[in-house]
2 protein chains.
Amino acid sequence: MTEKEKVIYRIRAFNRFYMPKLRLLDNHYLDSEYTPTEARVLFEIYENDGCNAAYIAKKMNIDKSYLSRIIRAHETKGYLVRNVSETDSRAYQIHLTEKGIAQTKDFIKKSNQQIENIIKSLRKEDYAELIKALNTITEILEKHD
Amino acid sequence: MTEKEKVIYRIRAFNRFYMPKLRLLDNHYLDSEYTPTEARVLFEIYENDGCNAAYIAKKMNIDKSYLSRIIRAHETKGYLVRNVSETDSRAYQIHLTEKGIAQTKDFIKKSNQQIENIIKSLRKEDYAELIKALNTITEILEKHD
DNA sequence: ATTTTTAGTTGATAAAAGCTACTATTCACC
DNA sequence: GGTGAATAGTAGCTTTTATCAACTAAAAAT
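In short, a report on the structure. For every chain, the first residue of the written sequence is number 1, and numbering continues from 1 onward in sequence order. Labels are handed out in written order, letters beginning with A for the chains and numbers beginning with 1 for the ligands. Reporting in this predicted model follows two pLDDT cut-offs: at least 70 for local features of residues, and 80 or more for side-chain atom pairs to be given and counted; totals over whole chains, interfaces and linings ignore these cut-offs and use all residues.

Notes on the packing of helix H2 (residues 36-47) of chain A against helix H4 (residues 64-76) of chain A
Residues and elements named next belong to chain A.
Right, so step 1: For the pair H2 and H4, the least separation of the axes is 11 Å and the interaxial angle reads 70 degrees. Overall, the two elements H2 and H4 adopt an arrangement that is roughly perpendicular. Judged by residue contacts, Thr37, Glu38, Val41 and Leu42 of H2 engage Ile70, Ile71 and His74 from H4.
Right, so step 2: Ten residues, namely Ala, Val, Leu, Ile, Met, Phe, Trp, Tyr, Cys and Pro, are considered nonpolar, four, namely Asp, Glu, Lys and Arg, are considered charged, and the remaining ones, Gly among them, are considered polar. The residue inventory of the contact of H2 with H4, partitioned by class, reads 4 nonpolar, 2 polar and 1 charged. Comment: axis = line fitted to C-alpha atoms, over the contacting stretch for helices; angle = value between 0 and 180 degrees taken between N-to-C directions. Each helix is a run of DSSP H or I of at least 4 residues and each strand a run of E of at least 2, with the numbering of both proceeding from the N terminus. Throughout, the term roughly parallel applies to angles under 35 degrees, roughly antiparallel to angles over 145, roughly perpendicular to angles from 65 to 115, and oblique to all others. This entry defines residue contacts through backbone-placed C-beta atoms, with two residues in contact when those atoms are within 7 Å.

Okay, here's the thing in structure tokens:
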């Protein structure tokens, strides 16, 4: 095994361990009534207030008609509003409502709690080491783009 | 922000970066004709020759009827065979065929290539650091169970 | 011996995702 | 400035994925 092969092997082993551990494979986001896709749509708008559907579809790599339905469902639920863009009358600027923001924050809270449950028994030193390791991986992999 | 909150925040930030980077969010495993679920079923049998459906359903946390259909589809495709267990005549021991093994190995190869594409431009030092960081995270998170 | 649990299947259905075609703009560019 | 190509979004339809409830047969529990 070359060095490179070792890295690849370790990354795959890491994924097999990490994803189920963090429950990143479930079909329902944090046991909520929402799919990961629906939840991610809210997150995208939360982090990108005023974006349009095309932006989300491209970023999430999902079908635009499917996304159109998800957005409408969120709108019906009162999670978001859409205003025709002033610069492009085909597009809508999407904004979360108070209710949508509250829902998204609730997702974040539940996600935090779930992670806390995993790390709560760790010692202080582990915290620091963990952060360092996460940052290391991010920094190294960011070099590729 | 307490130390613990910082860790939680960093883990979530890491997930947002890492999952799309490694394309762990797609509905098709590595652009194949198989869903991640179908692929994982093959992997489970590959790594656990002779296991039964109940084992897989429990490990993957999926509905047993759904799994039953997936297994039958894999069987129809010639990827696996089932023998009635000698110790429990309700259960089947599942084995991959040569074809199933070849398919699984092809998944592994494609996954390796995809990861290689991400890390190929890195330097030797990065490799070592990456492996160390992956191991650190695994070791620390393994403490919880 | 009887009840309860477990392994797996089937049928029906719901939910998620995708494809094609369409309207209405906007953009490119001659 | 007019024409064709590209883009934003929606609608209809279909396929795929996932779930639920009911069932058989065998094993385990009491």
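Picking up after the structure, the text goes on.
What about the interface of chain A and chain B?
Right, so step 1: At the junction of the two partners, chain A supplies 38 residues and chain B supplies 38 residues.
Right, so step 2: Within the residue set of the side of chain A that touches chain B, elements represented by two or more residues are helix H1 (3-21), helix H5 (98-119) and helix H6 (124-142) of chain A.
Right, so step 3: Each residue belonging to the side of chain A that touches chain B can be placed in one class, and the counts come to 20 nonpolar, 7 polar and 11 charged.

A word on the protein's contact with DNA strand D
Right, so step 1: The full set close to DNA strand D counts 20 residues, and Asn52(A), Ala53(A), Ser65(A), Ala91(A) and Tyr66(B) are the nearest of them.
Right, so step 2: Put simply, the parts of the chain that give the surface near DNA strand D at least two residues each are helix H3 (53-60) and H4 of chain A together with helix H4 (64-76) of chain B.
Right, so step 3: In terms of residue count, the dominant contributor to the surface near DNA strand D is H4(A) (4 residues).
Right, so step 4: Its residues placed into classes, the surface near DNA strand D shows 7 nonpolar, 8 polar and 5 charged. Near residues are defined by distance alone, with the backbone-placed C-beta atom required to lie within 6 Å of the molecule or strand.

Functional significance is not addressed by these values, which are geometric in nature.
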